[in-house]
Amino acid sequence: MNWLPQFSLERFKGIILKEFIQMRRDRLTFAMMLGIPLLQLILFGYAINVNPRHLPVDVILADKGPLGRSILYAFKNTSYFDFIRQLNSDEEGREALNQGDVTFVISIPPNFSRDLVRGDKPVILVEADATDPVATGYALSSLSGLLTSALQNDLKGPLAYLNGASGPFDLQVHPLYNPEINTQYNIVPGLMGVILTMTMIMITGLAITRERERGTMENLLSMPTRPLEVLVGKITPYIFVGYVQLSLILIMAHFLFGVPILGSIVLLYAAAFVFIVANLALGIMFSTIAENQLQAMQMSFFVFLPSILLSGYLFPFRGMPLWAQAVGEVLPLTHFLRIARGILLKGNGISEIAPEIWPIALFAVVALTIGITRYRQTLD
Amino acid sequence: MADDFAIDVKGMTKRFDKRTVVNNIDLQVRPGEIYGFLGPNGSGKTTFIRMLCGLLRADAGSGTCLGYDVIKESALIKTQVGYMTQRFSFYEDLSVTENLDFVARMYGMKDRAQAVQKSIEQLGLSRSEKQLAGELSGGWKQRMALAACLIHQPKLLLLDEPTAGVDPKARRDFWEQIQLLAAKGLTFLVTTHYMDEAERCHRLAYISYGDLLIHGTVAEVIAHAGLTTWSVHGPDLIQLAEKLRQKPGVEQAVIFGSKLHVSGADSAALEQAIAPFRAGPQQWEKVPSGLEEVFIHLMEKSTAQDSS
Ligand SMILES: Nc1ncnc2c1ncn2[C@@H]1O[C@H](COP(=O)(O)OP(=O)(O)OP(=O)(O)O)[C@@H](O)[C@H]1O
Ligand SMILES: [Mg+2]
């Protein structure tokens, strides 16, 4: 492989320019690139109902008495909550939620057992990451039954009266990031990622196969072009298309669905660059493998399905079985969803989204490398 | 000596799924030469040319093209070769100028705008420079393709049926252009199915089903074929031709306008066959064989061998 030292900026520019002209002349594709986002945004603006269990929970257990633990068992028995760690302070709790490590933080206050037995009705605080309200909704609604049933076995004899009508303690649920629990808030930023995935992979998926089918490949290969120039040159114009789509969706999301933009737009645009490139690289990789445009399309669909199903777009990520989560972690969309929701709904900064950037970047590099090695410089 | 030849290759072989399409071909082309490459459809001409410029990997063979190793240095060969594909392979959704500009960029030309302008004028494309390449007529597409192949001032041109579908005037212009460039030292390898074009070549090679059967100047090729031809002039040539074709020793009996050409490889057998007809009302005259008779003779010989 000696393509790197011969990389020519002039040829690279030539290919970009050519792709731009062709894109401009291909009205239908151009209209589709702008039409798809608009159409999908309107169609998918609805919530999809699911009932995830076993959501990750961190616990702040300040109570030394026995009742705090009993309550936690009751939580666990609902099957909605899986305890991950025990934390020591509220700050740690916030941090865990902010990072997206857990969906809930449950705090049991100091002297909970004592206050409860005294009949003071102590309060348990449940903080929820409500950016994905579908994920948290069912879990939260299961809590109402907990109030009276949780301590039935503990409070017997003289204490039985505490199990009265309103229960022996109070639950205070505190949905963070999306306090009104609006599903559109969650779906719309996700849709941004989904639309970019679909259009970007599809457009470049056709890039090389189209040259082959139209016979122009013979000419392109007879000239001293290098794989990297051709592949990156074909990707570059579509980065702009990606940004146009992104902007279109953001504007609609904000003004039509009222999705808040809490974090930095600049940061979102910067992160989107990596994501757009990753999808384009995947498309161009398919393009070098596929024999014809139809095959390239089929390969694209092969990625759309897992992207939509396993990324946390349709189904809450934490609610999926572990193997599905493992597959999901590989997909760029999974990470971009966290970034987009994080920035728009939680106001995340660079430190929170950085861990989501590198898996996308790695994906892009791998896809492009495979594409370059697979790019055939001959016709046979 | 590699520098003595623009193309100097030995034993070039290409197989597609075990079927040998180019079989052990040796070829030497001198700089400044117009070399004609002829042969029936599917004989492997395009395949051979593609191997020369690195578009197909040869299964066997070695040699040089413009002094570069034809197997290992195809990246370098590409910078100095202009390859005109048999099928139009420029971007149909780009205009003539845009296509030429693209090609100029691919070769990293310095004074690009000027080179594009010059080649547009040279090939008389000025009127259609803004037109989309896909909307050009067949002949104009060929002109544009030739312009594009020449833009980076290559030393060697590989032209695969450059004049297919081009009108006679344009064809003549085209060949004048080629001859002018050859005089300046450019080398041409041209495939064609036209005999008049073959006759304009300095040297020829005839390839049939992968084998190079014959090569040399037009005169050498004709002499080598050892064909005898009689020209017949007079009435009732159609009936005469019909009768002659039945006779052993007569390979071809073809009417050209008012003349009938009768040829055969075995001159004794041919003379025996025509003897009964020479007393007829027609005039008989022995003439030198033309290229067309030679090629048809070669084609029939190789198909006969193939089927045996
Ligand atoms: N990519 C390929 N895969 C398989 N077979 C091929 C391929 N390219 C060419 N062939 C076969 O190789 C043979 C030679 O083809 P080629 O195009 O070189 O012929 P040609 O001499 O250029 O013919 P023509 O005068 O019709 O252009 C044909 O039988 C063709 O079917
Ligand atoms: Mg051919």
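Numbering of residues begins from 1 in every chain and follows the order in which that chain's sequence is written. Each chain takes a letter, starting from A, and each ligand takes a number, starting from 1, following the order in which they are written. Restriction of local features to residues with pLDDT of at least 70 applies here, the model being predicted, together with a cutoff of 80 or more for giving and counting side-chain atom pairs; totals for whole chains, interfaces and linings are based on all residues. For side-chain calculations, the full set of non-hydrogen atoms in the structure is used, while hydrogens and water are omitted.

(A) View of the coordination of the magnesium ion (ligand 2). Taken together, the protein donors to the magnesium ion (ligand 2) comprise T46 of chain B (OG1) and Q86 of chain B (OE1), at separations of 1.9 to 2.1 Å. Residue T46 of chain B is found in helix 1 (residues 45-52), and its partner Q86 of chain B is found in the loop between strand 6 (81-84) and helix 3 (96-106); the two are separated by 40 residues along the sequence. Because no water is among the atoms considered, metal sites can look incomplete, with donors defined as N, O and S atoms within 2.8 Å of the metal, or 3.2 Å for Na, K and Ca. The helix and strand labels rest on DSSP assignments: H or I over at least four residues marks a helix, E over at least two residues marks a strand, and numbering proceeds from the N terminus.

(B) How the structure looks around the pairing of strand 4 (residues 60-65) of chain B. Residues and elements named next belong to chain B. Between any two strands, pairing holds if DSSP finds at least two bridges. Where strand 1 (residues 7-16) meets strand 4, 5 bridges bridge the pair, whose relative direction is antiparallel. If you follow V9 over to strand 4, its bridge partner there is G63. Pairing of strand 4 with strand 5 (residues 68-69) involves 2 bridges; the strand directions are antiparallel. The residue of strand 5 that forms the bridge with T64 is D69. Here strand 4 folds back onto strand 5 in antiparallel fashion, the turn holding 2 residues, of which L66 has a positive phi close to 55°.

(C) Seen up close, the domain arrangement of chain A. All names here are of chain A. What the domain assignment reports for chain A is domain 1 (55-176) and domain 2 (184-378). Of note, the centres of domain 1 and domain 2, computed from C-alpha atoms alone, are 40 Å apart. Throughout, the accessible surface (probe 1.4 Å) given up by two parts as they are put together, summed over both, is called the buried area. Buried surface at the junction of domain 1 and domain 2, summed over both partners, amounts to about 940 Å²; 49% is from carbon and sulfur atoms. Note on definitions: salt bridges are taken to be side-chain nitrogens of Lys or Arg within 4 Å of carboxyl oxygens of Asp or Glu. The interface formed by domain 1 and domain 2 includes 1 salt bridge. Note that Gly is not counted as nonpolar here; it falls among the polar residues with everything else outside the nonpolar set of Ala, Val, Leu, Ile, Met, Phe, Trp, Tyr, Cys and Pro and the charged set of Asp, Glu, Lys and Arg. By residue class, the composition of the side of domain 1 that touches domain 2 is 6 nonpolar, 5 polar and 3 charged. Domain start and stop points were drawn from an automatic or database domain assignment.

(D) Structural detail: the interface of chain B and chain A. Contact with chain B, which involves 28 residues of that partner, is made by 28 residues of chain A. Overall, the association of chain B and chain A removes approximately 2,600 Å² of surface from exposure, summing both partners, and the carbon and sulfur fraction of that is 56%. Of all residues in chain B, Y91, R105 and M106 of chain B bury the most surface against chain A, accounting for 25% of the area lost on that side. Summed over the shared surface of chain B and chain A, the result is 5 salt bridges. A salt bridge links R25 of chain A to E98 of chain B; its shortest N-O distance comes to 2.9 Å. Definition of a polar contact: a pair of N or O atoms within 3.5 Å, with one able to donate and the other able to accept a hydrogen when the atoms are protein atoms, and with sequence-neighbouring residues admitted only if both atoms are side-chain atoms. Between the two partners, chain B and chain A, sit 14 residue pairs in polar contact (both at pLDDT 80 or more). Mapped by element, the contributors of at least two residues to the side of chain B that touches chain A are helix 2 (74-80) and helix 3 of chain B. Among the elements that take part in the side of chain B that touches chain A, helix 3 of chain B stands out by supplying 6 residues, more than any other. Any two residues whose heavy atoms approach within 4.5 Å are treated as being in contact.

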